[in-house]
Amino acid sequence: MISTPRLRIRRFTADDAPFVLRLLNEPSFIENIADRGVRTTEQAVKYLKEGPIASYAKHGLGLMLVEKTGAPIGMCGLIRRPGQPDVDLGYAYVPEAWGQGYAGEAAEAMLEIARRDFRLPRVAAFVSPGNDRSLRVLARLGFEPAGKTRLNPADPEVLLYMKTFHTLAP
C-alpha cells in the first residue's frame, strides 16, 4: 500500500470488481483508453485476475486502486506491456474525481516507485490524441513527447510520452 497526503493506493483484489465495472464503462474510459468489453461483475473479476492481479505476480507491478477516504476514485500504476520496451504509467479516474489533482498525486507516487524501487531509467505514457486532461497531467509530471505508436497492430495510433530519470536512487 502507498499513501500520499490525500490518497491511499493499493493492489486490486477481486472484491474491487463492482468499482472496476463502473470505471471501465465510463464513456471517457471507453473513448480515451479502450472498450474492454466488461459488462458484468463476473467479467470485472476476470479482468482483475487476468490483468492487474496477474501482473503483480508476474512483474511485481501493475495498475492499482486509488482511494480517497476509503472510497475508490480510480486506478493508477506501472504496466509492463508485451512488445513495449519500457514500463508505462497508466491511470483512469471517475469523472467526479477529475480536476482535483488526484491523477498527478497518484502518478507522482508511482513514478517515485519506478525510479527508487524498480530503478527504471525512464517510464513511458500512451495517450489518445485529444485527451487534453491526460496531456496536462503528463506535462506537469515532466513527460516529453516522443512520437506516436500503436500498442497493437490493429489499434489506433496513440501519442507516446517519456519521462527520463536523470539520477537513480542509491
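Whatever comes next refers back to the structure up there.
Report on the accompanying structure.

**A word on the pattern of salt bridges**
As enumerated under the stated definition, the model contains twelve salt bridges in all. Among the ionic pairs, aspartate 16 bridges to arginine 10, the shortest N-O distance being 2.8 Å. Arginine 10 shares its class with aspartate 16; the two are buried. A salt bridge links aspartate 88 to arginine 81; its shortest N-O distance comes to 2.8 Å. Overlapping salt bridges bring together Arg8, Arg10, Asp16 and Glu67 as one network.

**Brief notes about unusual backbone geometry**
Even without being glycine, threonine 69 reaches a positive phi, approximately 45 degrees. Structurally, threonine 69 can be placed in the loop between β3 (63–68) and β4 (71–79). Since its relative accessible area comes to 74%, threonine 69 is described here as exposed.

**So, the pairing of strand β2 (residues 8–11)**
Sheet topology note: the strand β1 (residues 2–3)/β2 ladder contains two bridges and is antiparallel. Note that in β2 the partner of serine 3 across the bridge is arginine 8. Counted along the chain from β1 to the antiparallel partner β2, the turn is four residues long. Summarising the sheet, β2 and β3 pair through four bridges and their orientation is antiparallel. Its bridge partner being in β3, arginine 10 is matched across the sheet by leucine 65.

**Looking at the packing of helix α1 (residues 17–24) against helix α3 (residues 41–50)**
The interhelical angle for the contact between α1 and α3, taken along N-to-C directions, is 95 degrees, at an axis separation of 8 Å. Between α1 and α3, the angle falls in the class roughly perpendicular. Here Ala17, Val20, Leu21 and Leu24 of α1 lie close against α3, whose contacting residues are Thr41, Ala44, Val45, Tyr47 and Leu48.

**Examining the environment of proline 52**
One can find proline 52 in helix α4 (residues 52–59). Judged by its relative accessible area of 4%, proline 52 falls in the buried class. Counting along the chain gives 27 residues from proline 52 to isoleucine 79, while the straight-line C-alpha distance between them is 8.6 Å. What proline 52 contacts, discounting residues up to four positions off in sequence, is Phe12, Tyr47 and Leu63.

Definitions and cut-offs
Residue indices begin from 1 for each chain and proceed along its sequence in written order. Per-residue local features are limited, in this predicted model, to residues with pLDDT of at least 70; the limit for side-chain atom pairs, both in listing and counting, is 80 or more; totals at the level of whole chains, interfaces and linings are taken over all residues. Heavy atoms throughout the structure, all of them, feed into the side-chain values; hydrogens and water do not. Definition used for salt bridges: Asp or Glu carboxyl oxygen within 4 Å of a side-chain nitrogen of Lys or Arg. A simple rule labels every residue: compare its accessible area, found with a 1.4 Å probe on the protein chains alone, to the largest value its type can have, and call it buried under 20%, exposed over 50%, or partly exposed in between. The way it works is that DSSP assigns letters per residue, a run of H or I at least four long becomes a helix, a run of E at least two long becomes a strand, and they are numbered from the N terminus. At least two DSSP bridges between two strands are needed for those strands to be called paired. Whenever a helix is involved, its axis is fitted only over the stretch in contact; in every case the axis is a line through C-alpha atoms, and angles between N-to-C directions fall within 0 to 180 degrees. Comment on the angle field: the value is read as roughly parallel under 35 degrees, roughly antiparallel over 145, roughly perpendicular from 65 to 115, and oblique elsewhere. The contact criterion used throughout is that any non-hydrogen atoms of two residues lie within 4.5 Å.

By themselves these figures say nothing about function.
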